[in-house]
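Okay, here's what each chain looks like letter by letter:
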Amino acid sequence: MERNGGDRVQRITFDHDFTDDSDIETFPKGMRLYGNGHSIEIRELEDSAGFAYLSVSRTLRKGQIGSDVLHLHDTYGAEQTPLHWYGGPELMEQYYPIEKLRFDDYPYITKELHSAAIIERYWVSTAGVFFYVDKEVPLFLDQDEQVLRFTAKKELPYYTYDEEFVFSYRVGVAADVRDAHQRAVERVLNQPVDIPDERMVRYPIWSTWVRYRRPISQQTVLDFAREINAYGFRNAQLDIDDLWEVCYGSLTFNTITFPNVTEMTETLREMGFRVTLWVHPFINKNCDPWYTEALSKGYLVKSHNETIGYSTKWWNSGENEASYINFNNPDAVEWYRRRLQDLQELGIDNFKFDAGETSWAPADPDIGGPTALLPSSQTVNFVRMCASFGGMIEIRTGWGTQDLPVFVRMLDFDTRWGWNNGLQSLVPTLLQMNLNGYPFVLPDMIGGNVYGDDILTKELFVRWLEASVFMPSIQFSKTPWDIDEESITISKKFAQLHETYADYIIQRMRLAVTQGTPVNPPIWWLDPTDKIVSFDASHPRFSQEYLLGEDIVVAPVLTEFATARDVYLPKGTWRDGNTNRVHEGGRWIYNYTAPMDTLPYFVSATFQAN
């Protein structure tokens, strides 16, 4: 592919389909290639000043395989700038840029495995080229250090009961990577229709999960709220997490542990708290009469394989001891929604929705209707049901649902420092979600989930909080007073800093609605032509910085025992948020001093708070 002027920007190989003597048929704004038993159509969708947009498609029969290859490590431009890539899936080990990822015959559906809860079929490069594979394609990925291969084939976990399928994708070529992303938002990704709840932006969310685990009780919730107030912290809401139900899937409070829910919610409201409740889309088989009702009314996902039936497993059940509600069934959706509304009658303000990925369904799911062609439609219909409860919710999965005005939570992080789902994965995941069109990111709880042998140290807790300050929201479960007095002081300082900039965060959220721009873009967003960033984009330092809008550069310390770090400032004039010293951008500040209570951040000299 070439840009106007003959600058080659991207190679695509139609693998195994065509030979040099393939036939070519041209037609207005396109052509068809024939050969090796296949045909492929390339059609121009748009050709305007500075932007070209085309589609590539072929129709295949069951048993055939389509496979096209992107070459990841070409160079582009007169200076032979190396190519870097963004987009792709959310992952547990979130690399940035994403050419570092590796896949082998990887089915591209939403799944909990590897934390792949957001699976957008979108990739964009520093050459200003984006690719979007259409939702109907049964897509598998292979990726190594040289190529990203898109393969379409009728195999599980996709629907395999039709005889034909289409392998189609779209390609956009723009002036640079920022322009390409904005064009993709307009054409394939969409943008939010509104912003989520503003109080969730301004003040911390508090969750019982990490501090108390399961089960939870009414007295514990009230005691937690009193502690939060006693230590002088504000709140967006208090989330009652796992396990409050009679049994998993009952959506009914256990009256032994929660003897008077209405009294509890009224007391919490008098204390200044809103109350949210952790819910999920599963019903365990021992949870009657609710399970029997759902089964008898056809509300559960079943398998085409009768030996599997309706059986699945999730983290709160044994093998084949649960079922997944079928959100492709409108009657099941209404049944689920009505039961949640009954909980709201008890004073529950809203919900924290967990799970929702396609992979929780039984193998070879029979979800019914035309959406059987799209296994991830289970995810889509679940999160759209969740969003019907308004902006004061959180979800954790998405697939073509960027239009929803809700917070999307990062999947559970482990309590560790490294790239392996620890603190150093936090910023890359933030950037990844924003560049997939999900700007309303809810980072996981400060300090991670403290699973297994993980240990939450004071330093890790504080650095995690600092890294989250300029993200859209902050979420606590382990508390500063679980650590020591200094942690309380530092936490109040940074909670206040977040609150100080909340108006600006909300302003950038509104721009995401009107213009489709990321709330937290990467450093190159301000100047996609910056040669320092372009040539060295894969350096770890660039994956440990982010922007808030276009006026704040954030460079948290993410390495254990470190008290300094290098900071790259993009073009512009920047004021140090800690010292007020002014710096010119387009250069590094080396060895910036940052003891444990210091977050390096820089504010544009032209910035004016509303």
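Parameters at a glance
- Residues numbered from 1 in each chain as written.
- Predicted model: local features only at pLDDT ≥ 70, side-chain atom pairs only at ≥ 80, totals over all residues.
- Heavy atoms only, no water.
- Helix = DSSP H or I, 4+ residues; strand = E, 2+ residues; numbered from the N terminus.
- Buried < 20%, exposed > 50% of the residue type's maximum accessible area, 1.4 Å probe, protein only.
- Contact = heavy atoms within 4.5 Å.
- Domains from an automatic or database assignment.
- Buried area = accessible area lost by both parts, 1.4 Å probe.
- Salt bridge = Lys/Arg side-chain N within 4 Å of Asp/Glu carboxyl O.
- Polar contact = N/O pair within 3.5 Å; in protein donor to acceptor, adjacent residues only side chain to side chain.
- Nonpolar A, V, L, I, M, F, W, Y, C, P; charged D, E, K, R; others polar.
- Disulfide = S-S within 2.5 Å.
- Axes fitted to C-alpha atoms, helices over the stretch in contact; angles between N-to-C directions.
- Parallel < 35°, antiparallel > 145°, perpendicular 65-115°, else oblique.
- Pairing = 2+ DSSP bridges.
- Core = buried A, V, L, I, M, F, W, Y, C linked by side-chain atoms within 4.5 Å.
- UniProt positions renumbered as here; feature names shortened; annotations may be inferred.

Considerations on the environment of Pro570
And then number 1: Residue placement: Pro570 occurs in the loop between strand 32 (564-569) and strand 33 (573-576).
And then number 2: Relative accessible area serves as the criterion here: at 1%, Pro570 is assigned to the buried category.
And then number 3: Once the C-alpha coordinates of Pro570 and Ile532 are considered, the two residues, 38 residues apart in sequence, prove to be 9.5 Å apart.
And then number 4: For Pro570, the residues in contact, after removing those within four places along its chain, are Ile523, Leu526, Val553, Gly585 and Gly586.

Topic: the domain arrangement of the protein
And then number 1: Splitting the protein by domain gives domain 1 (2-186) and domain 2 (190-394).
And then number 2: A straight line from the C-alpha centre of domain 1 to that of domain 2 covers 36 Å.
And then number 3: Counting each side, the surface lost to burial between domain 1 and domain 2 is near 1,400 Å², with a carbon and sulfur contribution of 61%.
And then number 4: It is Thr110, Glu112 and Tyr159 that lose the most area in domain 1 upon contact with domain 2, and together they represent 36% of the buried surface on that side.
And then number 5: Viewed at the interface, domain 2 and domain 1 are joined by 0 salt bridges.
And then number 6: Scanning the region where domain 1 abuts domain 2 turns up 6 residue pairs in polar contact (both at pLDDT 80 or more).
And then number 7: Across the side of domain 1 that touches domain 2, the residue classes tally to 8 nonpolar, 1 polar and 6 charged.

Some remarks on helix 8 (residues 377-387)
And then number 1: The buried fraction of helix 8 amounts to 9 of the 11 residues, a majority that puts the element mostly inside the structure.
And then number 2: Elements in contact with the buried residues of helix 8: strand 23 (322-324), helix 7 (330-344), strand 24 (350-353) and strand 26 (394-395).

Describing the state of the cysteines
And then number 1: In total, this model carries 1 disulfide according to the counting rule given.
And then number 2: A sulfur-sulfur distance of 2.0 Å marks the disulfide that ties Cys247 to Cys287. Taking the torsion about the sulfur-sulfur bond, which here is approximately 75 degrees, the covalent link between Cys247 and Cys287 counts as right-handed. Placement of Cys247 in the loop between strand 19 (237-240) and helix 5 (261-270) and of Cys287 in the loop between strand 21 (282-284) and helix 6 (290-296) is noted, with a sequence separation of 40 residues between them.
And then number 3: For Cys247, a relative accessible area of 14% puts it in the buried group.
And then number 4: Cys287 sits in the buried class, given a relative accessible area of 0%.
And then number 5: Of the cysteine sulfurs around Cys386, a residue in no disulfide, the closest is that of Cys287, at 19 Å.
And then number 6: Using a relative accessible area of 0% as the deciding quantity, one classes Cys386 as buried.

Observations regarding the pattern of salt bridges
And then number 1: Considering all chains together, one arrives at 43 salt bridges under this definition.
And then number 2: Asp197 is the partner of Arg274 in a salt bridge, and the nearest nitrogen-oxygen pair spans 2.7 Å. Pair noted here: Arg274 is in the loop between helix 5 and strand 20 (275-279) and Asp197 is in the loop between helix 1 (177-189) and helix 2 (199-202), with a separation of 77 residues, a long-range link.
And then number 3: For Arg274, a relative accessible area of 15% corresponds to the buried category.

Looking at the packing of helix 10 (residues 458-468) against helix 11 (residues 485-500)
And then number 1: One can describe the packing of helix 10 onto helix 11 by two numbers: an axis separation of 10 Å at closest approach and a directional angle of 5 degrees. Accordingly, the angle class assigned to the pair helix 10 and helix 11 is roughly parallel. The residues of helix 11 that touch helix 10, namely those facing Lys458, Phe461, Val462, Leu465 and Glu466, are Glu486, Ser487, Ile490, Ser491 and Phe494.
And then number 2: Residue composition of the contact of helix 10 with helix 11, by class: 5 nonpolar, 2 polar and 3 charged.

Here's the deal with the sheet that holds strand 36 (residues 601-604)
And then number 1: Pairing is antiparallel across the open sheet formed by 5 strands, whose spatial order is 30-31-36-33-34. Two strands close off the open sheet at either side, each with one partner strand: strand 30 (546-548) and strand 34 (582-584). Adjacent strand axes in the sheet meet at a mean angle of 30 degrees when their direction is disregarded.
And then number 2: Sheet topology note: the strand 33/strand 34 ladder contains 3 bridges and is antiparallel.

Topic: the nonpolar core
And then number 1: Counting residues in each nonpolar core, the largest one holds 161 residues, and the members touching the most others are Trp244, Leu268, Phe353 and Phe470.
And then number 2: The element best represented in this core is helix 12 (residues 502-515), accounting for 7 residues.
And then number 3: In terms of domain composition, this core takes at least three residues from each of domain 1 (2-186) and domain 2 (190-394).
And then number 4: The residues contacting Phe470, other than those within four sequence positions of it, are Leu497, Tyr501, Asn520, Tyr546, Leu548, Ile552, Val554, Leu599 and Tyr601.
And then number 5: With 41 residues, the next largest nonpolar core counts Val56, Tyr158, Val171 and Trp399 among its residues.

Observations concerning unusual backbone geometry
Excluding glycine, residues mostly carry a negative phi; peptide bonds, for their part, are mostly trans.
And then number 1: A cis geometry characterises the amide bond from Leu156 onward to Pro157, with omega recorded as 15 degrees.
And then number 2: Mapped onto the elements, Pro157 comes out in the loop between strand 16 (147-152) and strand 17 (164-173).
And then number 3: Here Asp288 and Pro289 are connected by a cis peptide whose omega angle stands at 15 degrees.
And then number 4: Mapped onto the elements of the fold, Pro289 is located in the loop between strand 21 and helix 6.
And then number 5: Notably, Lys29 is not glycine yet its phi reads approximately 65 degrees, a positive angle.
And then number 6: If you trace the backbone, Lys29 turns up in the loop between strand 4 (23-27) and strand 5 (30-35).
And then number 7: Although it is not a glycine, Leu251 adopts a positive phi angle of roughly 50 degrees.
And then number 8: Looking at the element boundaries, Leu251 is found in the loop between strand 19 and helix 5.

Focus: the UniProt feature "domain: Glycoside hydrolase family 31 TIM barrel" (unreviewed entry) in the protein
And then number 1: The sites that UniProt annotates as "domain: Glycoside hydrolase family 31 TIM barrel" (unreviewed entry) are residues 208-360 and 421-505.
And then number 2: Secondary structure over residues 208-360 splits into 32% helix and 14% strand, and the C-alpha atoms at its two ends are 25 Å apart.
And then number 3: What you have in residues 421-505 is 47% helix and 5% strand, and the ends, taken at the C-alpha atoms, are 26 Å apart.

Looking at the environment of Arg178
And then number 1: Counting through the fold element by element, Arg178 comes out in helix 1.
And then number 2: Judged by its relative accessible area of 23%, Arg178 falls in the partly exposed class.
And then number 3: Once residues lying within four places of it in the same chain are set aside, the contact partners of Arg178 are Trp524, Trp525, Leu526, Pro528 and Glu550.

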